[in-house]
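# Close look at the chain arrangement
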Amino acid sequence: MKKIFAAFAMSAAALNIFADKFVSSVSGEGGTVDKSRYGTAMIANGHVSTVVDYLGLQQQQRYAHLTPAVAVADRRYGQPVDYLISHGWFDAVLYVDGKEQKPLKWTQTLDTKNAFSENSVEYPDAVVKTVAFVPATRKMLVVKKTVVPKSAAKVKFDFKYTFAPSMPAKPRDRAVTTGAFAGENCARFVYKLYGLDVYRGEISITSTAPAKVSFLENNDVALLESEAASTPEKPFESVYYMTYEDDYDGSLKPRKNIDYTAASAAARKSALADGFDKIFAEHKAEWGKYWDGVSVSIPDEKLERTYYTALYHMKCITTRWGFPVGIFAGSHFGGAYFGWDETFCMLALASTGKFDISRVSVDFRKTVLPIAMNRVGKYCKAKRITVGARYTWQTYDPKFADLEKATPGYWIEHIFHMSNIALQAWTQYLYTNDRDYLEKTVYPIVSECAAYYLANHLYETRDGGLIVGHSTDLERLGPAKLNAFMTSCGIVYTLERAAEGAKILGVDSEFAEKCRTAAARLRKSFANDGEKYIPYDGSKDKSINVVAGLFPYPVNDPENPLQKNAVYDYFKNIDKAGNMYSTGKSVNAWYAGWTISALVPYSDNTVPAQLLEVVARNLGAFGDTFEINEPENRIQYHPWFSTAAGNIVYALNKMMLFNDENGGIKIAPSVPESWRDFSYTLPVFGGLKVSVKAENGKLVYAELLGGNGQSREISVPKRLVDVSKISGECKDAGGYVVITAKTGAPFYKN
């Protein structure tokens, strides 16, 4: 572990990064960028998703597996490489008095509060300003270009849009442009894409400035050429509206005959009628609704920026069905839905209070539950809670949820992801306390996952024990591990929550007893070496899976010595297993967040801060999280990786407010002592919230918010409080003061 911190004692990458909570900027010179910390700026609305580069363009360069392009969620190729299909990219060339301009220096800013990218690029004879965003409620990309000449000059601006979908080494494979049409200031591509389904649609590019429209390169490139006499006081300006309409729905409903040409025309007409300012204001207002109620403030500016960038990130990738690891053409596992990964985004959003969004993935899993049940029970016509439901490791939208999206490999033998699906469903219930939702959505998911485990994966041993059979636990451990610890913890969690759900609803008592009995027997068989839990029976490996009894599956008492020793042994050896793949020498952001979440039950306020230091040094230019980012070791995977974003937000929320499933609530259990000033309002289980403010190392305000007459026991570190300022009953509990807090008034005020 010391090696990791020593390695990061070096100076940060040579990027000028300036930030506040929502706004980050990066600057450079010439036409290049330092890619060690730069993965472009993402702008998206969960349907249309793209990135903009440092020049305000989409030059075809690679950024750790990502090449700029527009992607539309769930429009993908079929096997074997079912990437999301590129819906094109834009580029531009500037001429001033006939001379082509090359960049001298540039600045790019990402505003996550208002969800737009802004560029200022200086050329020899002009400055080009770009504002780009994906409107929150429209299937559109908006790019505004303003060219300010340094003196009166003739400006020629060529805006290019390329639509030429391709798979690796197969240009234009499975993609046909059936029509390329030039209209007044407008170019249109009509296409048919032969992917997992047949997608028919239209892409249009409209310029608000007069433009000569033509097509190049066998109609793959639309060119919109504009010329104007311009001055510094009267610059050239044009807004480019790019619309994306097609006939695909992706739901389980019968496919409708959607007139995408008419929809495209209507989108263009609406954009031109409303204009840039109205669309931009509408967009900002929608994002304002998302940020409403988010009030976390911490004194570490870089981490605070990371927190808000991660929340921005998760909103960007929220589709109709959940939280893919990314929505990018040709990258990020094809925008697939992982039951494992999506849960970390769900937990982050729920623990921030965004229940209307966190439920999306839970609702999706309920929608496709019949498919998951049919996968294992079709031919035996199994009834509910008999053989259960088997969700695939990776899946598509509901229309194709019967298929395993993952390419062949031992990862298909994962079964722990269904514990995460159960976890996210149960967590939504815990926070909202919605009994109707428990009955209709949560319990059906959790109980069928539990039934699947009971019927398929638990084995009696010769000495009378019960274990989990061979499966693939975390991939770097290899295939066919017997009694894998994390998988076992996940199954125990699922069985016990199924039993709890049945008890609350007053149903399935016999099934619930089977679940409780099996869970109790499995607990006795957790893999260990006598001193600590280990990854699987007989293991000599080091793996993060040993922390799983605390997070993501809180099934062990933190003071259980086997669990505690396992957590801290992993931290001590984290440099040996800090990535999901057997590569690198550091700790990736989501493993760091995962480890922090497992340390919070110990009220550890030292190690989490150390891990956050590593996270901060692995971030992208805008506070974005990579899957792995070790440029010093020439290892970089997937910028804007949502699993990492979710883990970091959830970890920071837990450091500030820990709520265990038994009802315990702790304020600031793992907040470093160096954080002298912080504040937040965050939810706790049962439909309540806790609002806290600390100044100069002391609590100044704390209140339990929610329905009148409710109370909770809340633990506060002694170092933060003056007991005389407490309202209500309190008692000593080691390093904490336990306060009986009631809604309706602050329980602490200084």
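Located above this text is the structure these notes cover.
The structure reproduced in this document is the subject of the present report.

Moving on: the overall build of the chain. Scanning the chain from N- to C-terminus turns up 14 helices and 36 strands. Against the 2.2 N^0.38 benchmark of 27 Å for 750 residues, the chain shows a C-alpha radius of gyration of 27 Å, consistent with a compact globule. Each principal axis of the C-alpha distribution contributes one length, and for the chain these read about 85 × 65 × 50 Å. Residues counted as buried form 61% of the 750 residues belonging to the chain. Look at the contacts in the chain between residues 6 or more apart in sequence, and 66% of them connect residues 24 or more apart. Counting every atom, the chain has about 27,800 Å² of accessible surface; 50% of that belongs to carbon and sulfur. Considering the chain, the positive charge centre built from 87 side chains and the negative charge centre built from 82 side chains are found 2 Å apart.

In this section: the environment of Ala702. In this structure, Ala702 sits in strand E32 (residues 698-705). The buried category is assigned to Ala702, whose relative accessible area is 0%. Separated by 12 residues in sequence, Ala702 and Val690 place their C-alpha atoms 7.2 Å apart. Residues in contact with Ala702, not counting those within four places in the same chain, are Ile667, Ser691, Val692, Pro746, Phe747 and Tyr748.

A few words now on the environment of Asn696. With respect to the secondary-structure elements, Asn696 resides in the loop between strand E31 (688-695) and E32. Exposure remark for Asn696: the relative accessible area of 55% places this residue in the exposed category. Separated by 578 residues in the primary sequence, Asn696 and Glu118 have C-alpha atoms spaced 36 Å apart. Those residues in contact with Asn696, other than ones at most four positions away along the chain, are Arg676 and Asp677.

Attention shifts here to the sheet that holds strand E8 (residues 99-100). Strand order in this open sheet of five strands is E8-E7-E13-E20-E19, and the pairing throughout is antiparallel. Each edge of the sheet is formed by a strand with only one pairing partner; in this case those strands are E8 and strand E19 (212-216).

For strand E9 (residues 105-111), the buried fraction is high: five of the seven residues fall into the buried class. By the bridge criterion, seven bridges tie strand E2 (residues 23-29) to E9 in an arrangement that is antiparallel. Across the sheet, Ser24 pairs through a bridge with Leu110, a residue of E9. Of the pairings in the sheet, the one linking E9 to strand E10 (residues 116-122) comprises seven bridges and is antiparallel in character.

Attention now goes to the nonpolar core. Core analysis: the biggest nonpolar cluster contains 238 residues, and Met242, Tyr553, Trp594 and Ile667 have the highest contact counts within it. Of all hydrophobic cores here, the second largest spans 11 residues; its members include Val142, Ala271, Ile279 and Phe280.

A word on the packing of aromatic side chains. Counted under the stated rule, the structure contains 53 aromatic pairs. Here Trp340 and Phe344 contribute two aromatic rings whose centre-to-centre distance is 5.1 Å and whose plane-to-plane angle is 85°, an arrangement assigned as edge-to-face. One end of the pair is Trp340 and the other is Phe344, both in helix H4 (residues 339-352) and four residues apart, which spans about a single turn. Classification of Phe344 by relative accessible area gives buried; the value is 1%. Arranged with centres 4.7 Å apart and planes meeting at 25°, the rings of Phe485 and Tyr533 form a pair that is stacked. In this pair, Phe485 sits in helix H9 (residues 485-505) while Tyr533 sits in the loop between helix H10 (509-523) and helix H11 (561-572), placing the two residues 48 residues apart along the sequence. Considered together, Phe485 and Tyr533 belong to a single accessibility category, that of buried residues. Through a chain of ring-to-ring contacts, three or more aromatic side chains come together here, namely Phe333, Phe338, Trp340, Phe344, Trp393, Phe416, Phe551, Trp590, Tyr591, Trp594 and Tyr650. The ring of Phe280 has Lys284 sitting right over it, with the charged end atom 4.1 Å from the ring centre.

About the criteria used
Residues numbered from 1 in each chain as written. Predicted model: local features only at pLDDT ≥ 70, side-chain atom pairs only at ≥ 80, totals over all residues. Heavy atoms only, no water. Helix = DSSP H or I, 4+ residues; strand = E, 2+ residues; numbered from the N terminus. Rg over C-alpha atoms; globule rule 2.2 N^0.38 Å. Buried < 20%, exposed > 50% of the residue type's maximum accessible area, 1.4 Å probe, protein only. Contact = heavy atoms within 4.5 Å. Areas by Shrake-Rupley, 256 points an atom, 1.4 Å probe, with all protein chains shown as cover. Lys, Arg positive; Asp, Glu negative; His and termini not counted. Charge placed at Lys NZ, Arg CZ, Asp CG, Glu CD. Pairing = 2+ DSSP bridges. Core = buried A, V, L, I, M, F, W, Y, C linked by side-chain atoms within 4.5 Å. Phe/Tyr/Trp six-rings, centres within 6.5 Å; stacked < 30°, edge-to-face > 60°. Lys NZ or Arg CZ within 6 Å of the ring centre and 35° of its normal.

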